[in-house]
Amino acid sequence: MERYDLLYRLYDEFDTDTLREYQDFVDVFPPVDSRVALDHWQEASDELERRKNEIRRAFATGGTFAEIASHADREQAFTGLDLYTKYDRAVNALVLDVDETLRSAGGTDNEIPRETLHVLTEFHERGVPIVICTGQTLENVKGFMIQGLGNELVHSGDLSIVYEAGTGVFTPGHGSKTKQLLYEGLDDEIQRVFDEIRSRVLPEAPDDLRRGVHLQGNEFNVTLKPNFETGSSRAEEVIDGGLVYLLDLLGEAIADDDAGPTWARAYYADADPEIREVLESEGEGVELDPEAIPKEIRGRFERIDVAYYHADAAEIGSLELNKVGGVEAALDVLAVDDPFVLVMGDSKSDLRVMKWAAANDRGVAAAPGHASRDVLRHVMETDELVFDRGQSAAMLRTIYVQNLLAKLG
């Protein structure tokens, strides 16, 4: 209980709220060419050091407690201590989804907040590798990560990008392992299915759907995105219709039979309640026992994933290529031999990584409060690490405390 007592003393006896305000000001002060502004920053920096020194002198391990107080509020600090007490180790890699996790269209103008970017930089400076794990295309992710974290960090050799939900891994600075095209390992039959769907998806789409969606520029997955604001009623309308259309295309590509679309709808409705709800709301549900689908056709469906993201995207991917495989490949290149990671995400593809971490004692899971029901259920059943929309930095600060305490041994 000694560390709990020390934390109580830290937050009871010192003005940690003001200390963090000084730390945040010093950390995120924008570069300006103003003598007055620079003098103000220097004054804040000096006051920050004075307050930290008070804590350093008050504790035997005062340096660590000064860092905790300047980076985390009371709740974050005690949660970090709970995690360290439970797992007795530090997090040695971050596995982070981007959309609606690091950034949120509803709360941060779809930009990764500066506070979050700064905390990520601090993890990097302490030698913790970062794995960005997203369904987006590589070029898109590279662009905003370089813009947010800087070219030097992105190309440091300690950051990896798992893109298109695991179809490829990009880890700059690792020679022949820099880019791994995991989809090239799929057999010819599965690659043929994806080639056929990709070639038909827009040319054969109904006029109203074709005007309302576009094909995301993936290397392998087939992803329909709305030509309207994500989350809007128009986006919901076209993505729901796009999901039904993709299921029918998949059924036709999988089965040389007119029943292919019906089989696809029945199989994926049974596998995913959200897909079933969309089919029923569109008046396209089918009454068919999945066991009535020919075994060979079911076997092909079992290798292909259909993902639905409400008012955001409808996607077909390979179940043999997922974020778990991408994360494992990324951690291997990054030489994280005994991973214990923080997995942050909001969707079904992130849940697979969370379950992988839980099943193999590979880390902890965290999610925003607006994550999917299944993700929130998993997170609440494990460590209850739920954060508010646009507040990813708060969760990162909690893990930062866990790692500081782990260094004390």
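The preceding data block contains the structure.
Being a predicted model, the structure only gives us computed values, none of them experimental.

*Asks:* Describe helix α11 (residues 233-254), naming the residues involved and giving the relevant values.
*Replies:* Helix length check: α11 (22 residues) gives 32 Å between terminal C-alpha atoms against 32 Å at 1.5 Å per residue, within 8%. For α11, the tally of buried residues reaches 16 of 22 residues, placing the bulk of the element in the interior.

*Asks:* Describe the pattern of salt bridges, and please don't skip the residues or the numbers.
*Replies:* A complete count under the given rule lists 40 salt bridges for this structure. Between Arg 389 and Glu 100 there is a salt bridge, with its nearest N and O atoms 3.1 Å apart. Taken together, the residues span a long stretch of sequence, with Arg 389 in the loop between β12 (385-387) and α18 (392-408) and Glu 100 in the loop between β1 (93-96) and α6 (114-125) at a distance of 289 residues. On the basis of relative accessible area, Arg 389 is assigned to the partly exposed category, the value being 40%. Arg 373 is paired through a salt bridge with Glu 277; the nearest N and O atoms lie 3.9 Å apart. Pair noted here: Arg 373 is in helix α17 (residues 373-382) and Glu 277 is in helix α13 (residues 273-281), with a separation of 96 residues, a long-range link. Within this structure, Glu 189, Arg 192, Glu 196, Arg 200, Glu 204 and Glu 252 form a network of salt bridges that share partners.

*Asks:* Break down the layout of surface pockets for me, with residues and values.
*Replies:* Looking at the second largest pocket, its volume works out to about 430 Å³. Lining the second largest pocket are 19 residues, with Glu 75, Thr 79, Val 386, Met 395 and Thr 398 positioned closest to its centre. For the lining of the second largest pocket, the element with the most residues is helix α5 (residues 74-87), which contributes six residues. Here the residues of the lining of the second largest pocket are counted per class, giving six nonpolar, four polar and nine charged.

*Asks:* So what's going on with the pairing of strand β10 (residues 341-344)? Which residues, and what values?
*Replies:* Residues Val 341 and Val 343 line one face of β10 and the alternating positions Leu 342 and Met 344 line the opposite face, and both faces are buried. Pairing between β1 and β10: four bridges, direction parallel. Among the inter-strand pairings, Val 95 is bridged to a residue of β10, identified as Val 343. With four bridges connecting them, β10 and strand β11 (residues 363-368) associate as parallel partners. By the bridge assignment for β11, Val 343 is matched with Ala 365. Handedness of the β-α-β unit built from β10, helix α16 (residues 348-359) and β11 comes out right-handed.

*Asks:* Which residues make up the packing of α11 against helix α12 (residues 260-271), and what are the values?
*Replies:* Axis separation between α11 and α12 bottoms out at 7 Å; the angle between their running directions is 120°. The angle between α11 and α12 places the two elements in the oblique class. The two elements α11 and α12 meet at a crossing, and its hand is right-handed. Counted together, Val 244, Leu 247, Asp 248, Leu 250, Gly 251 and Glu 252 of α11 and Gly 260, Pro 261, Ala 264, Arg 265 and Tyr 268 of α12 form the full contact between these two elements. Here the contact of α11 with α12 is built from residues that sort into six nonpolar, two polar and three charged.

*Asks:* Quick one: what's the story with the packing of aromatic side chains, residue by residue and with numbers?
*Replies:* All chains considered together, the criterion is met by 11 aromatic pairs. A centroid spacing of 4.6 Å and a plane angle of 45° characterise the contact between Tyr 8 and Phe 78, whose relative ring orientation is tilted. Of this pair, Tyr 8 sits in helix α1 (residues 2-13) while Phe 78 sits in helix α5, and the two are 70 residues apart along the sequence. Residue Tyr 8 is classed as partly exposed on the basis of its relative accessible area of 43%. On the accessibility criterion, Phe 78 (12% relative accessible area) is buried.

Thresholds applied
All residue numbers here refer to positions counted from 1 along the written sequence of the relevant chain. Only residues with pLDDT of at least 70 get local features here, since the model is predicted, and only at 80 or more are side-chain atom pairs given and counted; chain-wide, interface and lining totals rely on the full set of residues. Computation of side-chain values: all heavy atoms of the structure, hydrogens and water removed. Note on conventions: DSSP H or I runs of at least 4 residues are helices, E runs of at least 2 residues are strands, and numbering of each starts at the N terminus. The span one expects for a helix is its residue count, reduced by one, times 1.5 Å. Relative accessibility thresholds used throughout: buried, under 20% of the residue-type maximum; exposed, over 50%; partly exposed, between the two (1.4 Å probe, protein chains only). Salt-bridge detection follows one rule: a side-chain nitrogen of Lys or Arg within 4 Å of a carboxyl oxygen of Asp or Glu. Only protein atoms enter the 1 Å grid used here, on which a cavity is any set of points holding a 1.4 Å probe that cannot leave and a pocket is any open set flanked by protein within 12 Å on both sides along at least five of seven lines; residues with an atom within 4 Å of a point are listed as lining. Grid points are joined across faces, edges and corners, and a volume is the space filled by probe spheres set on the points. Each residue is assigned to one class: nonpolar for Ala, Val, Leu, Ile, Met, Phe, Trp, Tyr, Cys and Pro, charged for Asp, Glu, Lys and Arg, and polar for all the others, Gly among them. One bridge is not enough; two strands pair if DSSP finds at least two bridges between them. Clockwise travel from the first strand over the helix to the second, with the strands pointing away from the viewer, marks a crossover as right-handed. Orientation is described by axes fitted as lines to C-alpha atoms, over the contacting stretch for helices, and by angles from 0 to 180 degrees between their N-to-C directions. Any angle that falls under 35 degrees is termed roughly parallel, while one over 145 is termed roughly antiparallel, one within 65 to 115 roughly perpendicular, and all others oblique. Left-handed describes a crossing whose near helix is turned anticlockwise from the far helix by less than a right angle; the clockwise case is right-handed. The contact criterion used throughout is that any non-hydrogen atoms of two residues lie within 4.5 Å. Two aromatic rings from Phe, Tyr or Trp, using only the six-membered ring of Trp, form a pair when their centres are within 6.5 Å; if the ring planes differ by under 30 degrees the pair is stacked, by over 60 it is edge-to-face, and anything between is tilted.

On their own, these measurements won't tell you what the molecule is for.
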